[in-house]
Amino acid sequence: MTATEEPIARLTHWIRQRPNSIEFWELVVTDERLLCCFVGESYRSMLLRADMGERDRALVADSSPAELESLDEQNFSVPLEAVEGIRLVTGTRFRRAKLEIDWDDADAPSDGMTLVATSGAESQADVVAGLEDEPSLEDVDLEIERRGWF
């Protein structure tokens, strides 16, 4: 991370389904790294449909890239050189969008992340498409798959 690190894109309103809970995530792409920001968790009970991440989403939006990783102990970053692919499968009326990100970084907690859009998420296909023009992402396999009606 350098003092001149600039945000490129923000992928917002994503969840990761775990066996006993739903985690809420925000992703920020800078010209140097991908920041994965944990913004809340809802356990599979009465809160199943509650979006518990709104307060922390606002905090992510108001923070600089240098501050993001320290906002929560589950936050982590992956250098852009380690990011191998970003694949967005757009949502339909009956299916939510899906975001798959793969990386090869020994310091990251996993080798990728699969997220599903929350019910309040807007289409972010234009955000992912805009990443194709970024020179720092020229080696990243970017894909947008558009679902049909079914």
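Residues numbered from 1 in each chain as written. Predicted model: local features only at pLDDT ≥ 70, side-chain atom pairs only at ≥ 80, totals over all residues. Heavy atoms only, no water.

Draft legend 1. A look at the environment of Glu67. Secondary-structure assignment places Glu67 in helix 2 (residues 65-68). On the basis of relative accessible area, Glu67 is assigned to the partly exposed category, the value being 40%. At a separation of 2.8 Å, a polar atom in the side chain of Glu67 contacts the main-chain amide nitrogen of Ser64. (Helix = DSSP H or I, 4+ residues; strand = E, 2+ residues; numbered from the N terminus. Buried < 20%, exposed > 50% of the residue type's maximum accessible area, 1.4 Å probe, protein only. Polar contact = N/O pair within 3.5 Å; in protein donor to acceptor, adjacent residues only side chain to side chain.)

Draft legend 2. Representation of the pattern of salt bridges in the model. Following the criterion strictly, the structure yields 10 salt bridges and no others. A salt bridge links Glu26 to Arg57; the shortest N-O distance between them is 2.6 Å. Placement of Glu26 in strand 2 (residues 21-30) and of Arg57 in helix 1 (residues 54-62) is noted, with a sequence separation of 31 residues between them. Considered together, Glu26 and Arg57 belong to a single accessibility category, that of buried residues. Note that Arg87 and Glu145 form a salt bridge whose closest N and O atoms lie 2.2 Å from each other. A residue pair is termed long-range when its members are at least 10 positions apart, and Arg87 in strand 5 (residues 83-89) and Glu145 in strand 8 (residues 141-145) qualify at 58 residues. (Salt bridge = Lys/Arg side-chain N within 4 Å of Asp/Glu carboxyl O.)

Draft legend 3. Structural view of the pairing of strand 2. The element strand 2 is largely enclosed, with a buried count of 10 among its 10 residues. Side-chain alternation along strand 2 places Ser21, Glu23, Trp25, Leu27 and Val29 on one buried face and Ile22, Phe24, Glu26, Val28 and Thr30 on a second face that is also buried. Pairing of strand 1 (residues 7-17) with strand 2 involves eight bridges; the strand directions are antiparallel. Along strand 2, the bridge assignment pairs Ile15 with Phe24. Taking the residues that link successive antiparallel strands as the turn, the strand 1-strand 2 hairpin has three residues. Looking at chain direction, strand 2 and strand 3 (residues 33-43) are connected through nine bridges and run antiparallel. Across the sheet, the residue bridging to Leu27 is Cys36, located in strand 3. Where strand 2 hands over to strand 3, the hairpin turn is made up of two residues, counted between the paired strands. (Pairing = 2+ DSSP bridges.)

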